[in-house]
Amino acid sequence: MDHMRIEGGVVLRGQVAVSGAKNAALPLLAASLLSQGSCRLLNVPDLVDIRTMIQLLHALGSDVSFENHTIVTQVRDESHNESSYDLVQRMRASICVLGPLLAKRGQARVSFPGGCVIGPRPIDLHLKGLRALGAQIDIREGYLEASCSKLVGAEMDLQGLFGSSVLATANTLMAATLALGTTVIHSAAREPEIIDLCHFLQGMGAKVSGVGTDVLEIEGVSSLQGYEYCVITDRIEAGTLLLAAVITEGDVTLTNVAPSHMMAFLDVVSSMGQDVAVDDQSIRVRGRRPIQPIDLKTKPYPQFPTDLQAQLMSTLCLAQGYSRIEEGIYPGRFMHVPELNRMGAQITLSGSQAVIQGLVRLKGAQVMSSDLRASAALVLAGLAAKGTSYVSRIYHLDRGYEQLEVKLRQLGACIERVSENVGV
Ligand code: EPU
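Residues numbered from 1 in each chain as written. Predicted model: local features only at pLDDT ≥ 70, side-chain atom pairs only at ≥ 80, totals over all residues. Heavy atoms only, no water.

What follows is about the sheet that holds strand 4 (residues 62–67). Note on sheets: strands pair through backbone hydrogen bonds, and any given pair is parallel or antiparallel. With mixed pairing, four strands are arranged side by side in an open sheet as 4-5-3-14. Looking along the sheet, the strands with just one partner apiece sit at the ends: strand 4 and strand 14 (228–230). For this sheet, the mean inter-axis angle between neighbouring strands, taken without regard to orientation, is 15°. Bridge count for strand 4 against strand 5 (residues 70–75) is six bridges, and the pairing is antiparallel. Among the inter-strand pairings, Ser-65 is bridged to a residue of strand 5, identified as Val-72. Contacting strand 4 and strand 5, helix 2 (residues 48–59) runs over the sheet at an angle of about 155° to strand 4. (Pairing = 2+ DSSP bridges. Helix = DSSP H or I, 4+ residues; strand = E, 2+ residues; numbered from the N terminus. Axes fitted to C-alpha atoms, helices over the stretch in contact; angles between N-to-C directions. Contact = heavy atoms within 4.5 Å.)

Set out below in structure tokens:
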């Protein structure tokens, strides 16, 4: 099993290009199932989750090629409609083939996703949206068995306990594109990844309005065509790399970014006393000391994203004073806390809140990744720590960051992937 070995204390400097967004590419790949023709997606990151989705599309009868960050898909056979337990367990986003399969083929059998390490992750809003369109969905032997003769447009509200849901919005939106009549989704997610999906669907011939607002209106059409589309850049990878600049007091410029997708994050970094300069498609952050402590709550877009909470927490370990972070999306997404504390951090948890006492430095240690963003947080901590850190179980990192260690090395970091067992 691979580990990441990091010699901390190097100041990161330089420029690096950000990859395409995993969380945008995955629903776009699912949407390709709706198309009559061939779809071509550019700027797709080469990640384990993307490879898993390609495997799923193969199993569902698509021809798929993936070369040079470009995926070409073409549906060949519509007789296989099952998303297996194995694939859904590996990647929850597999659930977003449910809407396209129902809309295009009238049936789907998708393994019921369980919880995961960041929380329970229910799917009631997915089911609510699809049932409102007329789908029959039963749960048998751990699978969602869904069918419909023809979906029919409807008006619905997809507000959940923690706000809107990204993939429930994506699933319902995709299903509605081929439904009879008009669908109105209230409390729709407004994340850039949903806007990207709307643009892709529009290119395929779907009629979607209200894009970027919390009310989406979809007028069903009889068929959708193939389309070529460039996936947006990954705002979470970008945020992670910018926090690497802050935590090492470095000077990092990112290219191929969309600053407009990151305003809440950039405001927070500025309020931490850091120097942020934004251009059309680039962002430069110059790390400053002291790092000012902050108090924030993660929330759905356009507010501060949960997917940067862990990385921000590592950075706040070096702030001057006490910070407080409340997790507003996944109340238990704090698996990184005990690991950061192994590196000398002083973080206390109380329910969905963490209080972080700032320190002068973290200390290198052997730590274990529990999930994708927690892994990134531990890598950041390792970059700033005194001495050597080993981050184990980095297969989590490979699900969502394309060659993170290569990008960090480009900025001067002393980090390498090691395959041998280092005794953790
Ligand atoms: N929720 C419900 N019912 C549902 C669906 C969600 O109550 O039917 C709740 C969730 O439990 C959570 C909140 O709604 O409290 C938001 O969850 P959401 O459905 O938006 O999450 P998701 O769509 O399953 C995507 C990303 C996550 C990211 C969240 C929130 C993908 C593939 N995944 O998940 O990304 O954290 O939105 O922004 O797009 C990651 O990349 O590390 C990651 C976990």
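Our next topic: the sheet that holds strand 8 (residues 136–140). Read from one edge of the open sheet, four strands run 6-7-9-8, paired in mixed fashion. Bordering the open sheet on either side are strand 6 (82–83) and strand 8, each of which pairs with just one other strand. The sheet contact formed by strand 6 and strand 7 (residues 107–111) spans two bridges and is parallel. Residue pairing in the sheet places Glu-82 in a bridge with Arg-109 of strand 7. Helix 4 (residues 98–105) contacts strand 7 and strand 9 (143–147) of the sheet and is inclined by roughly 160° relative to strand 7.

In the region of the ligand, 23 residues are neighbours, and Asp-124, Leu-125, Ser-165, Asp-307 and Ile-329 sit closest. In this structure, Leu-125 approaches the ligand through a main-chain N or O atom, which is 2.7 Å from an oxygen atom. Here an oxygen atom of the ligand and a backbone polar atom of Leu-167 are 2.8 Å apart. In the complex, the protein chains occlude 91% of the 820 Å² of accessible area that the ligand would expose alone. (Near = heavy atom within 4 Å. Polar contact = N/O pair within 3.5 Å; in protein donor to acceptor, adjacent residues only side chain to side chain. Areas by Shrake-Rupley, 256 points an atom, 1.4 Å probe, with all protein chains shown as cover.)

Another point: the packing of aromatic side chains. All told, the structure shown has four aromatic pairs when counted by the stated rule. Residues Phe-200 and Tyr-227 carry aromatic rings whose centres are separated by 6.3 Å and whose planes lie at 45° to one another, so their mutual orientation is tilted. Highlighted residues: Phe-200 in helix 7 (residues 192–204) and Tyr-227 in the loop between strand 13 (215–219) and strand 14, separated in sequence by 27 residues. (Phe/Tyr/Trp six-rings, centres within 6.5 Å; stacked < 30°, edge-to-face > 60°.)

Turning next to the side chain of Glu-339. With respect to the helices, strands and loops of the structure, Glu-339 is situated in helix 11 (residues 336–342). Buried and unpaired, Glu-339 has Arg-342 as its nearest opposite-charge partner, separated by 4.7 Å. Excluding residues within four positions of it along the chain, Glu-339 makes contact with Val-367, Met-368 and Leu-378. (Buried < 20%, exposed > 50% of the residue type's maximum accessible area, 1.4 Å probe, protein only. Lys, Arg positive; Asp, Glu negative; His and termini not counted. Salt bridge = Lys/Arg side-chain N within 4 Å of Asp/Glu carboxyl O.)

Position of Ala-30 among the secondary structure elements: in helix 1 (residues 22–31). When the C-alpha positions of Ala-30 and Val-97 are compared, they lie 5.2 Å apart, and in sequence the two are 67 residues distant. Those residues in contact with Ala-30 that sit more than four places away from it in its chain are Met-53, Cys-96, Val-97, Pro-100 and Met-174.

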